[in-house]
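An overview of the molecular structure
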Amino acid sequence: RSTRPTQPSPATLSSRDSPAPGMMSAARAALTTSASRVCPPSRTRNLVRAHDSAKRGMPRRPLLLGGVAGVTARLGSGFAANAVEAAPEKSAGKEDAPAPALSPAVAAVASLVPGQKLAGGAFEVVSVEEVSEYSVACAELVHLKTGARWMHCGADDPNNVFNVAFRTTPTDDTGVAHILEHTALCGSEKYPVRDPFFNMLRRSLSTFMNAMTAADYTCYPFATMNTTDYFNLLGVYLDAAFFPKLSREDFLQEGHRFEFETQNDKTTPLALKGVVFNEMKGAMGSQSARFSRALSAALFPTSTYHHNSGGDPVSIPDLTHEDLKKFHASHYHPSNARFFTYGDLPLEPTLEKAQSLALSRFTKIDVSSLEVADETRLTQPVSLTVPVPADAVVADANKQTTVARAYLQVNQIKEKDADLENFALVVASDLLLSGPQAYFHESLLESGLGSGFAPGTGYASSRRETSFAVGLKGVAKEDVPEVEKRIDETFRLIAKEGFPRERVEAVMHQVELGAARVTTNFGLGVAFGAMGTWVHGGDGLRPLRTPQMAKRLNDALDADAFFWQKLFERRFVDNPHAVTLVGVPDAEYDSKLEEAEKKKVSLIAKSLDEKEKDRIVNEAVALRLSQDSQTDASLLPTLVVADAVPREIKRWGSVLETTSGLVKKPLQIDAQPTNGITYVNVLFDLTNLPDRLTPYVDLFADYVTELGTASRDYKALAQYEKLKTGGVGAGVDSKISLDGSSNTEVFVSLSGHALDRNVPETLALMAEIATSAKWRGSSERVALLLSRRAASAGASVAQQGMQYAKALAASSIAAESQLDYRTSGLPHVALLQRLVKDKELGVKEVEDALAEIAEFAFTSEHVARCRVACVPTAVETARESLTAFLEALPAMRMGE
C-alpha cells in the first residue's frame with residue numbers, strides 16, 4: 001500500500017494542491033487509463049520522467065480552484081464518460097440539432113425544492129442550484145436524524161461518483177487519521193474479509209476506487225458506469241467507513257508493532273514494523289518532503305495543519321489501538337460526515353440505501369470540538385533554518401541549499417469576500433509562476449541562483465486558510481540573502497505596478513477554455529474539490545463557481561484600476577504572517593534518524609520483562625495466523641457480467657478519411673460534443689531515427705515550445721500560446737505489434753487544443769513551432785532548462801526508486817520498455833548530470849541533437865496520421881487549418 005507524501009505536490013499551475021491533497025493509498029486504486037492520444041492500436045508511453053516542473057517555470061495545467069481542476073470540464077448534453085454513441089448518419093460539418101434544455105438527470109434535481117423530504121422523510125432538501133456553465137443541477141440535503149450533509153449533482157454523465165468524507169483533524173504527528181484510513185479497509189461488520197477493496201477490484205467495473213487522507217479530512221470515493229456495480233460498491237464503502245472491524249491484528253499490521261527478528265524467539269533483536277510506519281519512512285525520506293513538511297509546520301504553528309496527518313515515523317509508535325478506536329468513534333460519525341454524489345442515477349435510491357445500511361443506526365452528536373481553529377496570526381515575519389536530507393544525485397555539490405518564503409493568506413470560512421480574493425490569488429499565482437513569461441521565472445529561475453522552484457512553491461487553497469509560497473532549491477549558501485531580496489523586490493514591483501491587463505486576459509482565456517473542456521473525471525474533480533471548504537461549513541459548490549468568479553474578478557478590475565496593487569500590498573508586502581525557511585542539506589540526515597530509532601528500540605528492548613516479551617511474541621504469532629487465514633470473499637457482492645453488463649457495443653462514430661490539399665495523409669475525424677473546443681493531433685514517425693539520437697527524444701518533446709521560434713522569443717511564444725490556445729506540446733508515443741509480427745514503431749506527437757474560434761491561429765502556431773523552433777542559438781535558455789531538469793531528475797532518484805527499478809526490469813523484456821528506460825530512466829538521469837557538468841559543451845551537444853531530430857521528424861514525409869476532434873460545425877475549419885499546417889512543413893529531411 002504505497003502512498004504519497006502528506007504534503008501537497010509541489011507547484012501545480014496556480015495551485016500546489018493535488019485533487020486530494022494528502023495520502024493516497026495508490027495500491028488500492030483502480031484507475032481508468034488515459035484516453036489514447038493516437039488512433040488504436042497505438043499506446044502512449046508511460047515514461048519514468050523527472051519531475052514535471054522541469055518542463056516549464058511551472059507546468060502548464062488548467063487553473064485550479066480549491067485543489068481540483070475547477071474549470072477544466074463542462075458536460076454537454078449527451079456526453080458519456082468513456083464512450084459516445086455513434087453519431088447520426090450525416091456528414092461531419094453539418095449543423096447540430098438543438099440540444100435539450102435539461103437532461104432528465106439534471107431536470108430531476110432542478111425540480112427539487114427546499115424543504116422537500118426524500119427517502120421516507122429521512123432527508124430534507126436545503127438548497128437547489130442549477131449551474132448552467134457545467135450543465136448540472138445540484139441539491140444540498142441534510143439527514144434529519146444525524147445532521148449529515150449530502151450534496152448531489154445531477155448530470156448527463158453515466159460515470160456516477162460517490163464520496164464520503166469526514167473532518168479528521170490531527171492534534172499530533174502519530175498519523176492516526178492515516179492509519180485509520182488503512183485499518184478501515186481491512187474488513188467490516190458485514191464484510192469481515194481481508195482487504196475487501198482489493199477483492200472488489202475483481203468483482204467490479206469501477207472507473208475509480210480509492211481512499212485518501214488529507215491534512216484535515218479523510219475521504220472514500222468511487223466511480224462506476226454500471227448501476228448494479230454502483231450499489232454494490234456503495235454497500236461496501238458504507239460498511240467500511242461506519243462499521244469497520246478495527247481489530248488489534250489489523251492495527252498492528254497497518255500501524256506499528258514491535259516484533260522480534262525471529263517472531264517466536266525472544267532472544268533475537270527487537271524491531272519496529274508496520275505498513276504505515278514503513279510507508280511514512282519512505283514518504284518522508286526525500287529532501288522535498290521534509291522541506292515541505294517543515295514549511296507547513298512553520299506557517300501553521302498552532303493549528304491542526306502544524307501536524308503531519310500522514311504520521312511522522314518518530315511519533316507513529318506513540319499511537320495506541322485504543323486511540324485509534326476512539327478517533328473513529330468521534331470522527332467517523334454521520335454528524336461529522338459530508339456525502340457527495342454525482343451523475344445520471346436518480347438520487348433517492350442512493351439516499352434510501354444509505355439510510356437503511358448505515359445512517360438509521362446513528363443519532364446526532366456534538367462535533368463542534370472537531371472544528372479547525374483559526375491560525376493565530378503572527379505579528380512579525382519569522383525566519384528559520386532546518387536540516388533536510390541531501391539529494392542522492394546533484395550536479396553541483398556546493399549548491400544544495402533550499403530557501404522559500406511562505407505567506408498565510410485567506411481564511412475561506414470567515415473573511416469577507418474570501419471567494420473573490422481566493423480566486424484573484426489563484427490568477428495571481430499563475431501570473432507569478434506559470435511559464436517563462438511569469439514574474440518569478442525571470443527574477444528567480446533566470447537569475448542562475450538556483451536549479452528550480454523550491455518544494456511547496458505555489459498557491460495552496462484546499463485548506464481552511466490558504467497560503468502562498470515561493471523559493472528556490474539548489475542554491476549556494478552565500479546566495480540565500482539574494483534569493484530573499486529578489487522575492488521581496490518582485491512582490492513590491494507588483495504592489496507598485498500591478499499586472500498588465502493583457503496578461504490577465506490571457507489567464508482569463510484559459511479560464512474560459514477550461515470551463516468548456518470535456519473530461520471523463522469531472523465528477524471526481526468536483527467530489528474532491530468540494531471537500532476542502534465544505535467540511536468546514538463552507539460552500540460545497542466552490543469547484544463550480546469558477547466562471548462566476550472570473551466575471552467577478554473582471555468586474556473588480558474594471559471598477560478599480562489599482563486592484564492588484566492593493567491586493568499585493570495587503571497580502572504580501574504588509575503581511576506579517578510570513579515565514580522564510582532555509583533548508584540546509586545534511587548527508588547524514590537519514591542515518592541519524594535510523595540510529596536514533598535503533599537506540600530507542602534498544603532501550604525499549606532492555607526494559608521489557610518476560611511478560612511483555614511473551615505478549616510481543618503472542619501478538620506476532622496471532623498476526624501471522626490472521627494474515628494466513630482464509631476468509632470467505634464470496635461474502636462480497638459480485639457483478640455478474642451476464643446480468644449486469646449491457647450487450648450492445650458502444651461506438652465512437654469516428655470517420656476515417658484523407659487530408660485534402662497537396663499533402664495526403666490518413667485523418668481521423670471525431671465529431672463529438674466537445675463544447676466548442678477543437679483538439680488536433682499530428683503523429684510524426686521516428687522509427688528510423690538514428691539510434692545515437694534516441695537518448696535526446698524526451699528532451700526534444702519537452703522543449704519543443706520552450707525555446708521560441710524565428711519570429712518570437714520563448715517568452716512571447718508562451719504568452720501567445722496562453723492567449724490563443726489551451727496548450728501546444730509534444731509527446732513520444734510507441735505502437736506495438738499485438739501479435740509480435742512487426743517491430744515497435746515510435747512517433748513524436750505534436751498536439752494542441754483551442755476554442756473553435758482560435759483553431760486557425762493554433763494550427764498556424766503549431767506550424768511555426770514545427771518549422772522554425774530555435775533549436776540553436778538559445779544557449780542560455782537551454783542551459784537553464786537542463787540545470788533544472790538535472791536537479792529534478794537527481795531528486796527523483798530517492799523519491800521514485802521503485803519506478804526506476806521497475807523500468808530497468810521491464811527494459812529487458814520489451815523493446816518499448818527499453819526505449820522508455822533509455823529516454824527517461826536512470827540512463828537519462830546520468831545523461832543530464834553529465835550535460836550540466838560539461839556546461840557549454842553539454843549545451844551545444846543538446847542543441848545539435850535536438851536540431852537534428854527536428855530536421856528528421858518535422859517533415860510532411862514523416863507525418864504518419866492526423867486526428868481532429870470537435871463539434872460537427874467546426875470540422876471544416878479544422879480540416880482547412882490542418883491542411884495549411886501540413887503544407888507548411890518541408891517535404892523531406894535535408895540530404896534526401
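Residues numbered from 1 in each chain as written. Predicted model: local features only at pLDDT ≥ 70, side-chain atom pairs only at ≥ 80, totals over all residues. Heavy atoms only, no water.

1. Observations regarding the overall build of the protein
Counting secondary structure elements, the protein contains 28 helices and 25 strands. Within the span of the protein, comprising 896 residues, buried residues form 59% of the whole. A fraction of 80% describes how many contacts in the protein between residues 6 or more apart in sequence connect residues 24 or more apart. Entry remark: accessible area of the protein is about 34,600 Å², with carbon and sulfur atoms responsible for 53%. (Helix = DSSP H or I, 4+ residues; strand = E, 2+ residues; numbered from the N terminus. Buried < 20%, exposed > 50% of the residue type's maximum accessible area, 1.4 Å probe, protein only. Contact = heavy atoms within 4.5 Å. Areas by Shrake-Rupley, 256 points an atom, 1.4 Å probe, with all protein chains shown as cover.)

2. Notes on the packing of helix 24 (residues 801-811) against helix 25 (residues 815-824)
Packed helices, taken two at a time, are described by the angle their axes make and the gap between the axes. Following both chains from N to C, one finds helix 24 and helix 25 inclined at 135 degrees, their axes separated by 7 Å at the closest point. With respect to helix 25, the axis of helix 24 lies oblique. Remark: the crossing between helix 24 and helix 25 carries left-handed chirality. Where helix 24 abuts helix 25, its residues Tyr804, Ala807, Leu808, Ala810 and Ser811 lie against Ser817, Gln818, Tyr821 and Ser824. Here the contact of helix 24 with helix 25 is built from residues that sort into five nonpolar, four polar and no charged. (Axes fitted to C-alpha atoms, helices over the stretch in contact; angles between N-to-C directions. Parallel < 35°, antiparallel > 145°, perpendicular 65-115°, else oblique. Left-handed = near helix turned anticlockwise from the far one by under 90°. Nonpolar A, V, L, I, M, F, W, Y, C, P; charged D, E, K, R; others polar.)

3. Here we look at the side chain of His328
For His328, the position within the fold is in helix 8 (residues 321-331). Apart from the residues lying within four places of it in its own chain, the contact partners of His328 are Leu180, Ala241, Phe242, Pro244 and Leu246.

4. A short note on the nonpolar core
In terms of nonpolar packing, the biggest core is built from 72 residues, with Leu141, Trp150, Phe162, Tyr220, Phe242 and Phe339 touching the most fellow members. It is helix 4 (residues 227-242) that contributes the most residues to this core, nine residues altogether. With near-sequence residues (within four places) excluded, Phe162 lies in contact with Trp150, Tyr220, Pro221, Phe222, Tyr230, Leu234, Tyr237, Leu238, Phe339, Phe340 and Thr341. Membership of the second largest hydrophobic core comes to 68 residues, among which are Leu667, Val704, Leu835 and Leu882. (Core = buried A, V, L, I, M, F, W, Y, C linked by side-chain atoms within 4.5 Å.)

5. Some words on the pairing of strand 5 (residues 136-143)
The element strand 5 is extensively covered by neighbouring structure, given that eight of its eight residues are classed as buried. Residues Val136, Cys138, Glu140 and Val142 line one face of strand 5 and the alternating positions Ala137, Ala139, Leu141 and His143 line the opposite face, and both faces are buried. Counted between consecutive antiparallel strands, the loop separating strand 4 (residues 123-131) from strand 5 contains four residues, among which Ser135 sits at a positive phi close to 55 degrees. Where strand 5 meets strand 6 (residues 149-155), seven bridges bridge the pair, whose relative direction is antiparallel. What sits directly across from Cys138, in strand 6, is Cys153. Counting the residues in the hairpin turn of strand 5 and strand 6 gives five residues, including Gly147, whose phi is positive at 85 degrees. (Pairing = 2+ DSSP bridges.)

6. Some remarks on the pairing of strand 4
Bridge count for strand 3 (residues 117-118) against strand 4 is two bridges, and the pairing is antiparallel. Counterpart to Lys117 in the pairing with strand 4 is Glu124. Between the end of strand 3 and the start of strand 4, which pair antiparallel, lie four residues, with Ala119 showing a positive phi angle near 55 degrees. In this sheet, strand 5 lies alongside strand 4 in antiparallel orientation, the contact comprising eight bridges. What sits directly across from Ser127, in strand 5, is Glu140.

7. Looking at the packing of helix 25 against helix 26 (residues 826-837)
Following both chains from N to C, one finds helix 25 and helix 26 inclined at 25 degrees, their axes separated by 4 Å at the closest point. Considering the angle they form, helix 25 stands roughly parallel to helix 26. Seen along the crossing, helix 25 lies across helix 26 with a hand that is right-handed. Every residue of helix 26 that contacts helix 25 at Tyr821, Arg822, Thr823 and Ser824 is listed here: Leu826, Pro827 and His828. Its residues assigned to classes, the contact of helix 25 with helix 26 comprises three nonpolar, three polar and one charged.

8. Brief notes about the packing of aromatic side chains
Within this structure, the stated rule accounts for 35 aromatic pairs. A centroid spacing of 4.7 Å and a plane angle of 10 degrees characterise the contact between Trp150 and Phe339, whose relative ring orientation is stacked. Here Phe339 lies in strand 13 (residues 337-343) and Trp150 lies in strand 6, a separation of 189 residues in the sequence. In terms of burial, Trp150 and Phe339 fall into one category: buried. Taking NZ or CZ as reference, Arg338 lies 5.7 Å from the ring centre of Trp534, over its face. Directly above the aromatic system of Tyr714 lies the positively charged group of Arg781, at a separation of 4.2 Å from the ring centroid. (Phe/Tyr/Trp six-rings, centres within 6.5 Å; stacked < 30°, edge-to-face > 60°. Lys NZ or Arg CZ within 6 Å of the ring centre and 35° of its normal.)

9. Quick look at the confidence of the model for the protein
Keep in mind that low pLDDT regions are not for reading the predicted coordinates in detail. Taken residue by residue, the protein gives an average pLDDT of 86. The fraction at 70 or more is 88%. At the low end of the mean pLDDT range in the protein sits strand 1 (residues 22-24), at 32; at the high end sits strand 3, at 98. A low-confidence stretch, residues 1-97 stays under pLDDT 50, and its non-local contacts, those more than four residues away or across chains, total 347 contacts. (pLDDT = per-residue confidence, 0-100.)

10. Concerning the environment of Thr402
You can see Thr402 is positioned in strand 15 (residues 401-411). Sequence-wise, Thr402 and Val480 are 78 residues apart; in three dimensions their C-alpha atoms are separated by 8.3 Å. Ignoring any residue separated from it by four or fewer positions in sequence, one finds Thr402 in contact with Gln287, Phe291, Ala454, Pro455, Leu472, Lys473, Leu581, Val582 and Gly583.

11. Quick look at the pattern of salt bridges
A full pass over the atoms with the stated rule returns 51 salt bridges. Asp417 is the salt-bridge partner of Arg552, the closest N and O atoms lying 3.7 Å from each other. In this pair, Arg552 is assigned in helix 15 (residues 546-559) and Asp417 in the loop between strand 15 and helix 10 (418-433), connecting sequence segments 135 residues apart. Accessibility expressed as a relative area gives 32% for Arg552, which makes it partly exposed. (Salt bridge = Lys/Arg side-chain N within 4 Å of Asp/Glu carboxyl O.)

12. Looking at the environment of Pro334
Along the polypeptide, Pro334 turns up in the loop between helix 8 and strand 13. On the accessibility criterion, Pro334 (0% relative accessible area) is buried. Through-space distance from the C-alpha of Pro334 to that of Ile365 is 8.8 Å; in sequence the pair is 31 residues apart. Beyond its immediate chain neighbours, meaning those up to four positions away, Pro334 contacts Thr146, Gly147, Ala148, Phe242, Leu359 and Phe362.

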